[in-house]
Structures are given as structure tokens and as C-alpha cells.
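# Summary of structural features
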Amino acid sequence: MKTRRIALTVNGETVEREVPVRQNLVDFLRHDLGFTGSHVGCEQGACGACTVVLDDQTVRGCLVLAVQADGATVETIEGVQLDDLRAAFHRLNALQCGFCTPGMLLSARELLRDNPNPSRQQIRDYLSGNFCRCTGYQAIVDAVETVALERLP
Amino acid sequence: MKAPDFEYLRPETLAEALAMLARHGEDGAIIAGGQSLLPLLHFRLAAPAYLIDIGRLEPLKQIVEGDGYIEIGALVRHCELAASALIGREFPLLHQAVEHIAHPGVRHRGTIGGSLAMADPAAELGACCLALAGDVLLQSAAGQRWVGMADFFAGIYETALAADEILTAVRLPRRGHGGIQIFNEVARRRGDFAMAGLALVSDRGLGSPRLALLGVSDRPILAVRAMALLSQDPTATEAAIALIGDEVDPADDPAYPPAYRRHLVGVLMRRTLAELSP
Ligand SMILES: Cc1cc2nc3c(=O)[nH]c(=O)nc-3n(C[C@H](O)[C@H](O)[C@H](O)COP(=O)(O)OP(=O)(O)OC[C@H]3O[C@@H](n4cnc5c(N)ncnc54)[C@H](O)[C@@H]3O)c2cc1C
Ligand code: FES
Ligand code: FES
């Protein structure tokens, strides 16, 4: 098994590790660093359960190799502040099993950063890459919309 | 599944990358954004002995204004096309099309060079670059060549790229003022690959239309008969709508039979022309 040494910042801490070159970022975060909040569904980019933030942008953690993240800054659900979004998801039943939730929250957080006042259609479009098998999406869109409105000055 | 093992190479310069490719091109693969290649590795549909990561080649990340053209580096990501004011001004077609590519997380990594090299027949950017009469620059340790988009695409996932070549840039000629650029597609859900798509580029009203279609052939194609008809008579829109479906020969696909895709092409043509006469 080929390995390579990488150094990166994960949730604010510098990490240096020897990793198998074929290991993807989400496996590295989960297995080597214990950040199991990012989930693994399809490993082909379809479901978005593995969403993490790489240099300030959401990415599929399964479609980035850990070695590609050498030198980068990574945030996982464990490392970000999203109190009002989290509370709104809870309050409005925007999750059931919770498998999709970390990815949903990170995508929703990014949407509201870039577009503080999105329409419901824009919310749906932005979250189209995050599959939820439980909720039927309606409550998720409600939660994101509610937080957007609450945050408006 | 997990990717098979490989040797990981990360060149810091284009010259270094081309030298690596000259040695390992036959049993190696380039990785750019990885948004098509990593799924292939996970499915074990590809098992390169060497993975050459071109992600650190900074010169390939530029969008450059030339005399009469814009040159987009191969590593310009989908999200960067969407964010570029220059692209929005010169090629609104690309801004419209990028919105249809996958989802934000994929657009943050996927590159234009990767999309063109992958040559998925339903990819948006291939059809747009064809409609915009682009050329790609293919470089190897032995030299370089420019290839027009129509000659670049050779079939499903097939291109003119040789094993030792890197696609380093796509050059798009600037269009005159007052031109038209419209992109439309039909997909099952937001971000899915399209069942059919259409890119229209024309200068001087509908006077010199280029119509490129995606998802209805083994590669992006020009609807040459509809183009000829409209350039003779720009008012012959109904005839063009009626004719364009017959120009394509979609593969047999039980989910979306050829007759349905031909129908979609006509629908897209009608939608596109309707945008011209509000
Ligand atoms: C869930 C999902 C949905 C998607 N939906 C769409 C969609 O609707 N429309 C669409 O167009 N695309 C879609 N894609 C694909 C996406 O656009 C990819 O980003 C793109 O096809 C490949 O770009 P990349 O930079 O990721 O290439 P990579 O995956 O890194 O490479 C793809 C192929 O091209 C080769 N290659 C890459 N760069 C070069 C280069 N510069 N020179 C020579 N060879 C090169 C590689 O060796 C490989 O064979 C989707 C992907 C996913 C995961
Ligand atoms: S596990 Fe990465 S997108 Fe499904
Ligand atoms: S809450 Fe179960 S998948 Fe979304």
C-alpha cells in the first residue's frame, strides 16, 4: 500500500499524518481523526452525506483524496457554529434518522452565507445534491427558510 | 467500494507533469477535480498504476483575455466560471449552463478541462464550447497542437487526446455585440445529467446561428440542417423546430427512447426561440 505524508488544518487544529494515497478525505476524517459526523453513503458523489468544507467551500468528502487536501483547511460538522440552523432543524422536524443532516446543515450554512435571502426554489436547488431518505425535504426547506428570515435584520 | 491502489504523483510544473505523462501515460491517469475519475476508481472501472495530480499547476487556473478570444485554463472549476464577471459578459451561455452541472459540492471541484476530457455526451460544457466554436490546446513533452471542438470529441468518453497529452486550455473566440447566447436543457431533477440540451449562439440576431445539442448522440453535435435553414431565413423558426428532432439519432435507451429524446430536442428549440421574442 502506497502512502504519503500530509499536513492540513482540520477544525482549527494542525494535523500531520501518513495516509494511504488511495484514501478519500471523508474516510481519513472518520477513521484516522474520529470525526464521524460526516457520513458515507454512496462513495460516488450522488448523495452528499459526506459533505465537508474544504478551503471554505463544501465538497464531496468521498470525491477528494486525502492527499489532495494536503495543505488545505478542512471543517467538518463538529467544527462549525450553526446554532440557529441546528435548532431550527430540531424544532421543525427537519430530520428523522439524521444520516443526511450534517451534509444538509453544511450546505444550508453555505447557501445562507452566499445568499442570505433565498427563495424556496433556490433553497431546493442548493440542497439538490443532498439526498434525504426520510423527511421528504419539505421540513428541511422550512427550516432553512425560517433561519434565513430570522437572520434578516 | 474503495479505490484500487496506485502510485500518486504530484507535479509542481507543467513541464514536470508532461515528463511524468511521457513515462507513465499508457498506464497512468491525470486527476484534475476528480469528480468523474474518483467515482470510476471507486467502482473499479478504472485502475491506473499512476495517478498524476495536476491540481497544483497554477498557470492552468487562469482565465486570460487575448486579442479576439478568451482562454480558459483547464483547471478553472465550474464554480469559478460561474463567478467570473468576464465570462458572464463575454459568454453568458457558460453562466447559464454551469447552473445545470451537478450540485454545488461537485461544481466546487470539477474543472472545465476534466469535463471536456471526460467527453460525457450529456456534459454541458462540451456542447457550449462547440456552439462557441472553441479550440482546445493539447500539450505533450513532444509539442503542442490546437484542435477544434468538432474534431476533439470522438465518441462516448472518447477524445482526440493521446495518452501523453494534457488538455491545458480552451480558447473561445469573442462574439460580436448584440449577439444571442441561450442554453436550455431537460433533466429529471436539478443537477442530474440532461436527457437533452441545446446551446444557441448567434451574432447579428439569428443571422448566423450555431446550434449545439447534448445528450442525444455519442458526442455533442451541431444541428447543421437547422443552422443552414435559419441562416438562409431567420424567420423559418417553425420549420427549424419541426426539422431539428430528425437531425439526431439518439442511442436506444429503455428509460428515454430515441423518439422521446427527438421530441425533447424540438421542445428545447421551441423554448429557446421563444426566449428571443418576449
Ligand atoms: C453527482 C455528480 C453529478 C454530475 N453531474 C454532471 C452534470 O450534470 N453535467 C456535467 O457536465 N458533469 C456532471 N458531473 C461531472 C463533473 O462535471 C466533473 O467535474 C467533470 O466531468 C470532470 O471534471 P474533473 O475536473 O472533476 O475531472 P476528473 O474527474 O479529474 O477527470 C475526468 C477525466 O478526464 C481526464 N482529465 C482531467 N483533466 C484533464 C486534462 N486537463 N487533460 C487531459 N485529461 C484530463 C482524467 O484523466 C479523467 O479521465 C457530475 C459529477 C457527479 C459526481
Ligand atoms: S458518500 Fe459522498 S456523495 Fe454519497
Ligand atoms: S433524516 Fe434520514 S436521510 Fe434525512
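Structure: above.
Residues numbered from 1 in each chain as written. Chains lettered and ligands numbered in written order. Predicted model: local features only at pLDDT ≥ 70, side-chain atom pairs only at ≥ 80, totals over all residues. Heavy atoms only, no water.

## Some points on the pattern of salt bridges
Enumeration over the complete set of coordinates arrives at 24 salt bridges over all chains. The salt bridge partner of Arg120 of chain A is Asp142 of chain A, with a shortest N-O separation of 2.9 Å. Of this pair, Arg120 of chain A sits in helix α4 (residues 120–126) while Asp142 of chain A is found in helix α5 (residues 138–151), placing the two residues 22 residues apart along the sequence. We classify Asp142 of chain A as partly exposed; its relative accessible area is 27%. For Arg174 of chain B, the salt bridge is made with Glu65 of chain B, and the minimal N-O distance between the two is 2.4 Å. (Salt bridge = Lys/Arg side-chain N within 4 Å of Asp/Glu carboxyl O. Helix = DSSP H or I, 4+ residues; strand = E, 2+ residues; numbered from the N terminus. Buried < 20%, exposed > 50% of the residue type's maximum accessible area, 1.4 Å probe, protein only.)

## Regarding the site of ligand 1
Every one of the 32 residues lining ligand 1 counts as a neighbour, but Ile30, Gly34, Leu37, Thr111 and Glu124 of chain B are closest to it. Near ligand 1, the surrounding residues belong to chains A and B. Here Gly34 of chain B contributes a backbone N or O atom positioned 2.7 Å from an oxygen atom of ligand 1. A distance of 2.7 Å separates a nitrogen atom of ligand 1 from a polar side-chain atom of Glu124 of chain B. Contributing elements (two or more residues each) for the shell around ligand 1: β2 (28–31), α7 (112–118) and β10 (166–173) of chain B. The leading source of residues in the shell around ligand 1 is α7 of chain B, at four residues. Considered class by class, the residues forming the shell around ligand 1 number 17 nonpolar, 13 polar and two charged. (Near = heavy atom within 4 Å. Polar contact = N/O pair within 3.5 Å; in protein donor to acceptor, adjacent residues only side chain to side chain. Nonpolar A, V, L, I, M, F, W, Y, C, P; charged D, E, K, R; others polar.)

## Observations concerning the sheet that holds strand β2 (residues 13–20) of chain A
Residue and element names in this part refer to chain A. With mixed pairing, five strands are arranged side by side in an open sheet as β2-β1-β5-β3-β4. Two strands lie at the open edges of the sheet, namely β2 and β4 (57–60), each paired on one side alone. In this sheet, neighbouring strand axes are inclined to one another by 40° on average, regardless of whether the strands run parallel or antiparallel. Here eight bridges tie strand β1 (residues 3–10) to β2, and the two strands are oriented antiparallel to one another. Bridge pairing in β2 links Arg4 to Val19. Of the strands in this sheet, β1, β2, β3 (51–54) and β5 (73–75) are in contact with helix α1 (residues 25–32), which crosses β2 at around 110°. (Pairing = 2+ DSSP bridges. Axes fitted to C-alpha atoms, helices over the stretch in contact; angles between N-to-C directions. Contact = heavy atoms within 4.5 Å.)

## Quick notes on helix α12 (residues 258–276) of chain B
An ideal rise of 1.5 Å per residue puts 27 Å on 19 residues; α12 of chain B measures up with 28 Å between its terminal C-alpha atoms. Listed as buried for α12 of chain B are Pro258, Arg261, Leu264, Val265, Gly266, Leu268, Met269, Thr272 and Leu273 of chain B. (Expected span 1.5 Å × (residues − 1).)

## As for the packing of aromatic side chains
Residues and elements named next belong to chain B. Tallied over the full model, the rule gives one aromatic pair over all chains. Between Phe152 and Phe153, the aromatic rings sit 5.3 Å apart at their centres with planes inclined by 75°, giving edge-to-face as the arrangement. Per residue, the accessibility class of Phe152 equals that of Phe153, and both read buried. (Phe/Tyr/Trp six-rings, centres within 6.5 Å; stacked < 30°, edge-to-face > 60°.)

## Side note on unusual backbone geometry
A positive phi angle is found at Asn93 of chain A, which is not glycine, with a value near 60°. With respect to the helices and strands, Asn93 of chain A occurs in the loop between α2 (83–91) and α3 (101–114). For Asn93 of chain A, a relative accessible area of 56% puts it in the exposed group. Phi is positive for Ala119 of chain B, close to 55°, though the residue is something other than glycine. Counting through the fold element by element, Ala119 of chain B comes out in the loop between α7 and α8 (124–131).

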